[in-house]
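Take a look at the letters that make up each chain.
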Amino acid sequence: MIKQLMSRIKWHRAIIYVTVIISFQLTNFINLAAQSDTLLVKKSELSFTSPFEKVVFENLSLDSSLHFMVKLLLSPSNPEDSLLLPQIESSINQIVEVYNSPSMLKKKPAKRLDLLTKEIHNKFFKVYKDDADFAEIFKTGQFNCVGGTGLFALVLKKLEIPFAIKTPPGHAYLVAYPSTENIMIESTDAINTTISYSSAYREDFVKRLLEMKIIDSKDYRSMSVDQLFEQHFYKSKPTSLSNLAGVLYINKAVAFLEDKKYDKAYPLMEKAYFLYPTNHYEDLLVLLWGLQYDIMEKNKPEVYGIIAKLSRCKKYGMNAEKIDGIFGDFIQSTLHDSGDTTLLINGFHHIDSTLTDTTIQLSIRIAFYTELGRYYYFQSNFSKALENLAIALELKPKNQMTVGMVQDAFFKMIQVYETLPEIEPVIDSYLTQFPNLNQIPEIKRVLLALYLIQSENEFAMNNPERGHAYLQKFENQYTQNLKTEKLTNSIAKAYEACCLYYYRHQKKKLAMQYVNKGLDYAPNNFDLQKKKKYLEGL
């Protein structure tokens, strides 16, 4: 399965920082509500390490305050780091006080920002670390360009200074006054507020974009390195702060991926993708699902959650046939190898409830009800076998193997009852719940034969009303295509019993009427013909 996914996915380590501009507006914060219906991940499926993190995701589209932004950047950190929230907000307020001090107010904006960034560097940024999360800045002084840029953004928002965050591949930085002064703030440079990138850096950056197919070979040949650098390093579409939090999640997910701890990597990647739904991140997420599925025990509850998610990956080759195979492995492991019907049933209902592709949904339903019915059949639980196989037959009416098992389970189920009155409520219940059972000729013939036998018995016991009731059921449901020699014999016996009842009660006319009626259904029956001749001779 992984080979299939890998043929679709071309992922590079450097793509962790995807080209994007994150712009912040006081009135236009985060809008994930419109995206969530089309994502591979649903918010309800995300798993959280703390109530703090869960509340952050619940309020993504509801809160645009600075307080919430701090919480958003803290959410990828360890659960206990949420306790840093008051400290971080206090630190931001202290920085703002420095910026608004009388001595600073005398200076030009560019100079004030230069001094401010140096103050932040000196106070918070101690050691650069690639996978440092936002909380590490305030605990140990470890930082990277993503967390550092996040802190600068929070400070500028508090100061109501317009800014934009840019995250070209492999980097993140911030631009203050993007429409006027265009002052670049670089978290990884403690000396220079305005950065000048060397030719070697520019050339390496452009080559990485070419390798990642962010730029095509035609543009690479026709445009200069400087032109491509300017185009892709400084210019991108605006987005939101949630993307920056998404990158923090991705850093953690990739660290676990590199250690082959896929069970820890994919839940982080789901949250990263939910916050930052790009094609590259989607590729990585699907890869992680596939890697996790391949190493999972297939008879554990966690596996059906992964199957449900993989079933949405149609553009990655997860069509009905392949999902059938995956779901078939799940059935084999849970049902046939372990006999765990509860796990299979729970897993099926979870997967079925999340599917949007009707072709895949139909295929999985057929497999589930057929195999569960077969399992119960071989456990001699014929009533449960019939319940499931009847549904499978509704979904795929012409499957002859299912038809055979349905009728066999039906026959074995009714054999435990001694009389038709005992089983009749059970039969009626099944026929009402599963009308398609009436369309199976052998089941129909058995039902008609039971009605005829019971009618014969009722007339023999002098219960004509009940005898006629069962004859009426037979007459209402009989068609010529159901005619067999065995059924014909049952017809003859039932109408002969009716005839004898009226003969014994001196009602020759009615006796003749029911002999003739029997001959309508079984015109060549010797016993009915004999009775008719006898009555005619009286």
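Predicted model, so just to flag it, every value in this text is computed and none were measured.

### So, the overall build of the chain
Link 1 in the chain: A count of helical and extended segments in the chain gives 26 helices and seven strands.
Link 2 in the chain: When the 538 residues of the chain are sorted by exposure, 51% land in the buried category.
Link 3 in the chain: Put simply, of all contacts in the chain between residues at least 6 apart along the chain, 63% involve residues at least 24 apart.
Link 4 in the chain: Carbon and sulfur atoms form 50% of the exposed surface of the chain, whose accessible area is close to 25700 Å².

### Brief notes about the confidence of the model for the chain
Link 1 in the chain: Counting all residues, the mean pLDDT for the chain is 84, and 88% of those residues have values of 70 or more.
Link 2 in the chain: This model gives residues 1-37 a pLDDT under 50, and the stretch forms 120 contacts once residues within four places in sequence are excluded.
Link 3 in the chain: The low-confidence segment residues 192-196 (pLDDT under 50) makes nine contacts with residues lying over four places distant or belonging to another chain.

### A few points about the side chain of Glu 136
Link 1 in the chain: Checked against the element boundaries, Glu 136 lands in helix 7 (residues 136-139).
Link 2 in the chain: With sequence-adjacent residues up to four places away left out, Glu 136 is seen in contact with Gly 141 and Gln 142.

### Observations concerning the pattern of salt bridges
Link 1 in the chain: One pass over the full model with this rule turns up 17 salt bridges.
Link 2 in the chain: Between Lys 139 and Glu 136 there is a salt bridge whose closest N-O contact spans 3.5 Å. A residue pair is termed a helical-turn pair when its members lie 3 or 4 positions apart in one helix, as Lys 139 and Glu 136 do in helix 7 at three residues.
Link 3 in the chain: Residue Lys 139 is classed as partly exposed on the basis of its relative accessible area, which comes to 39%.
Link 4 in the chain: In this structure Glu 136 comes out as buried when scored by relative accessible area, which is 14%.
Link 5 in the chain: Through salt bridges with shared partners, a single ionic network connects Asp 81, Glu 136 and Lys 139.

### A few points about the nonpolar core
Link 1 in the chain: Within the largest apolar cluster, 164 residues are counted, with the highest numbers of intra-cluster contacts made by Leu 113, Phe 134, Leu 151, Trp 289 and Leu 437.
Link 2 in the chain: Not counting residues up to four positions away in its chain, the partners in contact with Leu 113 are Tyr 99, Leu 156, Ile 161, Ala 176, Tyr 177, Ile 183 and Ile 185.

### Looking at a nonpolar patch on the surface
Link 1 in the chain: On the surface, Leu 500, Tyr 503, Tyr 534 and Leu 538 cluster together into a nonpolar patch covering about 360 Å² of accessible area.
Link 2 in the chain: Structurally, Leu 538 can be placed in the segment after helix 26 (526-536).

### Describing the packing of aromatic side chains
Here the distance between the centres and the angle between the planes together describe a pair of aromatic rings.
Link 1 in the chain: All chains considered together, the criterion is met by 29 aromatic pairs.
Link 2 in the chain: Taking 5.6 Å as the distance between ring centres and 65 degrees as the angle between the ring planes, the aromatic pair formed by Phe 124 and Phe 138 counts as edge-to-face. Of the two residues, Phe 124 sits in helix 6 (residues 109-124) while Phe 138 sits in helix 7, which places them 14 residues apart along the sequence.
Link 3 in the chain: Its relative accessible area of 6% is what places Phe 124 among the buried residues.
Link 4 in the chain: By way of ring pairs, the aromatic residues Phe 48, Phe 57, Tyr 249 and Phe 274 are connected into one cluster.
Link 5 in the chain: Sitting above the plane of the Tyr 99 ring, Arg 112 keeps its charged end 3.8 Å from the centroid.
Link 6 in the chain: Positioned above the aromatic ring of Tyr 293 is the side chain of Lys 298, whose terminal nitrogen or guanidinium carbon lies 4.5 Å from the ring centre.

### Examining helix 18 (residues 358-378)
Link 1 in the chain: Given a rise of 1.5 Å per residue, 21 residues ought to cover 30 Å, and the 30 Å separating the end C-alpha atoms of helix 18 matches this to within 8%.
Link 2 in the chain: Capping the start of helix 18 is the job of one residue whose side-chain oxygen sits 2.9 Å from the backbone nitrogen of Thr 359: Asp 357.
Link 3 in the chain: Among the residues trailing helix 18, Ser 380 stands out with phi positive, at a value near 65 degrees.

### Looking at the state of the cysteines
Link 1 in the chain: Inspection of every chain in the model, using the stated rule, returns zero disulfides.
Link 2 in the chain: The structure places no disulfide on Cys 498, whose sulfur is separated from the nearest cysteine sulfur, that of Cys 499, by 7.6 Å.
Link 3 in the chain: In this structure Cys 498 comes out as buried when scored by relative accessible area, which is 0%.

Calculation rules
- Residues numbered from 1 in each chain as written.
- Predicted model: local features only at pLDDT ≥ 70, side-chain atom pairs only at ≥ 80, totals over all residues.
- Heavy atoms only, no water.
- Helix = DSSP H or I, 4+ residues; strand = E, 2+ residues; numbered from the N terminus.
- Buried < 20%, exposed > 50% of the residue type's maximum accessible area, 1.4 Å probe, protein only.
- Contact = heavy atoms within 4.5 Å.
- Areas by Shrake-Rupley, 256 points an atom, 1.4 Å probe, with all protein chains shown as cover.
- pLDDT = per-residue confidence, 0-100.
- Salt bridge = Lys/Arg side-chain N within 4 Å of Asp/Glu carboxyl O.
- Core = buried A, V, L, I, M, F, W, Y, C linked by side-chain atoms within 4.5 Å.
- Patch = residues over 30% accessible without salt bridge, like charges linked within 9 Å, V, L, I, M, F, W, Y side chains within 5 Å.
- Phe/Tyr/Trp six-rings, centres within 6.5 Å; stacked < 30°, edge-to-face > 60°.
- Lys NZ or Arg CZ within 6 Å of the ring centre and 35° of its normal.
- Expected span 1.5 Å × (residues − 1).
- Polar contact = N/O pair within 3.5 Å; in protein donor to acceptor, adjacent residues only side chain to side chain.
- Disulfide = S-S within 2.5 Å.

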